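# Topology and contacts: notes
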Protein chains: 2
Amino acid sequence: MKLDDIGGQLVKGHLEMLLLGVLEQGPLHGYAIIEQLRKRSGGVFELPEGTIYPALHRLEDAGCLTSSWSEAAGRRRREYRLTGEGREALAAKREQWTSFSAAVGGVIGTALAGGAL
Amino acid sequence: MKLDDIGGQLVKGHLEMLLLGVLEQGPLHGYAIIEQLRKRSGGVFELPEGTIYPALHRLEDAGCLTSSWSEAAGRRRREYRLTGEGREALAAKREQWTSFSAAVGGVIGTALAGGAL
DNA sequence: GTTTCATACCTAGTCAACCTAGGTATCAAT
DNA sequence: ATTGATACCTAGGTTGACTAGGTATGAAAC
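Rules used in this analysis
- Each chain has its residues counted from 1, following the order in which its sequence is written.
- Each chain is given a letter, starting from A, and each ligand a number, starting from 1, according to the order in which they appear as written.
- Local features in a predicted model are, by the rule used here, given only for residues with pLDDT of at least 70; side-chain atom pairs are given and counted only at 80 or more, and totals for whole chains, interfaces and linings are based on all residues.
- To get the side-chain values, take all heavy atoms of the structure and skip hydrogens and water.
- Strands are runs of DSSP state E lasting at least two residues, helices are runs of H or I lasting at least four, and both sets are numbered from the N terminus onward.
- Any residue under 20% of the maximum accessible area for its type is buried, any over 50% is exposed, and the rest in between are partly exposed; the area is computed with a 1.4 Å probe on protein chains only.
- Any two residues having at least one pair of non-hydrogen atoms within 4.5 Å are treated as being in contact.
- Salt-bridge detection follows one rule: a side-chain nitrogen of Lys or Arg within 4 Å of a carboxyl oxygen of Asp or Glu.
- Residues are counted as near a molecule or strand when any one of their heavy atoms sits within 4 Å of it.
- Whenever two N or O atoms come within 3.5 Å, that pair is a polar contact, provided that in protein one can donate a hydrogen and the other can accept it, and provided that, for residues adjacent in sequence, both atoms are side-chain atoms.
- Under the convention adopted here, Pro, Cys and the residues Ala, Val, Leu, Ile, Met, Phe, Trp and Tyr are nonpolar, Asp, Glu, Lys and Arg are charged, and Gly plus all remaining residues are polar.
- A pair of strands is treated as paired once DSSP finds two or more bridges between them.
- Given a helix with a known number of residues, its expected span is that number minus one, times 1.5 Å.
- The directions considered for the arc run from the helix axis to the C-beta atoms.
- The pLDDT value tells you how sure the predictor is about a given residue, anywhere from 0 up to 100.

### Things to note about the overall build of chain A
Scanning chain A from terminus to terminus reveals four helices and three strands. N-terminal to C-terminal, the α/β element order of chain A is α-β-α-α-β-β-α. Burial status across chain A gives 41% buried among its 117 residues. Contacts spanning at least 24 positions in sequence make up 48% of the contacts within chain A whose residues lie at least 6 apart.

### Thoughts on the pattern of salt bridges
Opposite charge on two side chains allows them to pair when their charged atoms are near. All names here are of chain A. If you walk through the whole model with that rule in mind, you get ten salt bridges over all chains. Two residues, Lys93 and Glu16, come together in a salt bridge whose shortest N-O distance is 4.0 Å. Of this pair, Lys93 sits in helix H4 (residues 84-108) while Glu16 sits in helix H1 (residues 15-23); the two residues are 77 residues apart in sequence, bridging distant segments of the chain. Assessed through its relative accessible area of 23%, Lys93 is described here as partly exposed.

### Here's the deal with the protein's contact with DNA strand D
Close contacts around DNA strand D come from 27 residues, with Arg58 of chain A together with Tyr31, Glu49, Arg77 and Arg78 of chain B the closest. Each atom of DNA strand D within 4 Å of the protein was assigned to sugar, phosphate or base; sugar and phosphate come to 67%. In this structure, Arg58 of chain A approaches DNA strand D through a side-chain N or O atom, which is 2.4 Å from a phosphate oxygen. Here a phosphate oxygen of DNA strand D and a backbone polar atom of Tyr31 of chain B are 2.5 Å apart. Elements with a minimum of two residues in the surface near DNA strand D: helix H3 (49-61) of chain A together with helix H2 (30-40), helix H3 (49-61) and strand E3 (75-82) of chain B. In terms of residue class, the surface near DNA strand D is made up of eight nonpolar, ten polar and nine charged.

### Structural notes on the protein's contact with DNA strand C
As a structural note, the neighbourhood of DNA strand C is formed by 27 residues, with Tyr31, Glu49, Arg77 and Arg78 of chain A together with Leu10 of chain B the closest of them. At the protein interface, 69% of the atoms of DNA strand C within 4 Å belong to sugar or phosphate. Here a phosphate oxygen of DNA strand C sits 2.6 Å away from a polar atom, N or O, in the side chain of Arg78 of chain A. Arg75 of chain B is positioned with one of its side-chain polar atoms (N or O) 3.1 Å from a base oxygen of DNA strand C. Breaking the surface near DNA strand C down by element, the ones donating at least two residues are helix H2 (30-40), H3 and strand E3 (75-82) of chain A together with H3 of chain B. Per-element tally for the surface near DNA strand C: the top contributor is H3 of chain A, with five residues. For the surface near DNA strand C, a count of residues per class yields nine nonpolar, nine polar and nine charged.

### Quick notes on the sheet that holds strand E1 (residues 28-29) of chain B
One open sheet accounts for three strands, arranged E1-E3-E2 (chain B); its pairing is antiparallel. Edge positions in the sheet fall to E1 and strand E2 (65-72) of chain B, since each has one partner strand and no second.

### With respect to H3 of chain A
Residue and element names in this part refer to chain A. When the terminal C-alpha atoms of H3 are compared, their 18 Å separation across 13 residues agrees well with the 18 Å that a helix rising 1.5 Å per residue should span. Those residues of H3 not exposed but buried are Ile52, Ala55, Leu56 and Leu59. The arc that holds the buried residues of H3, viewed along the axis, is 105°, so those residues lie on one side. Away from the buried face of H3 by more than 90 degrees, exposed residues Gly50 and Asp61 are located. Against the buried residues of H3 lie H1, H2, strand E2 (65-72) and E3.

### Quick word on the confidence of the model for chain A
All names here are of chain A. Chain-level statistics for chain A give a pLDDT mean of 87 and a share of 85% at 70 or above. Long-range and interchain partners of residues 1-7, a stretch whose pLDDT sits below 50, account for 15 contacts in this model, where long-range means more than four residues apart. Note on residues 113-117: pLDDT is under 50 here. Beyond four places in sequence and across chains, it has seven contacts.

So, in structure tokens, the structure goes:
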């Protein structure tokens, strides 16, 4: 099931965690990040470039990522890589997510050991 | 752990689901809704009135809630009650939440049968 | 050979909605 | 008489995902 019907803003407040998450296992360039998010989310996250690129720049400005240009198949790519600060931020955001999702479960009555439909 | 450090917007995109969720088991007035959200979330959701009241009005405008004034202990209260439409909306948002949280788990590697700290 | 599609990057501006900051009012307690 | 909890409200700020445009290369289609 897609989330399009939410009417946009579907990852509000969680996008940076998602970006840090996909970069945890190794550096990727922007376009590949979009694909990874789609694949790893089972097609739920179809995030437009206008969402991803500014967010990557914000994360770089914040010191969570570094980037470097590379050339592949005649195409220039900007590869993003987690910094130590980025790993710390990811760890913090994971905790926040755990807390948040548990809290949501407490309110709407979704069993924690669930996700089960 | 609180979520204050997120820097606001802590329930972005999920507030309406939370409100519908607390009203599922019976009508409540606004102030009581705030307390219920705090209690049921284990203290994570400390939502200000300026967040809750406009959201309740939006939900009423959307046909998900009806309201009626009542008097208790010399204080006027507006009691909100789920409509049939509201229950449908809640069911839909529950499914969206399940899909969303599963997708997040797929990206950041949180086991679904988790939430476990 | 040129149009199309996938790859690959970017930014300016829009818009939704959460929150801040103020306001009103009652009742109990100090 | 003032403070604090209860109980409601709205205007406006701010944030950030998204829309809608732009540039450019390489491969495939026609």
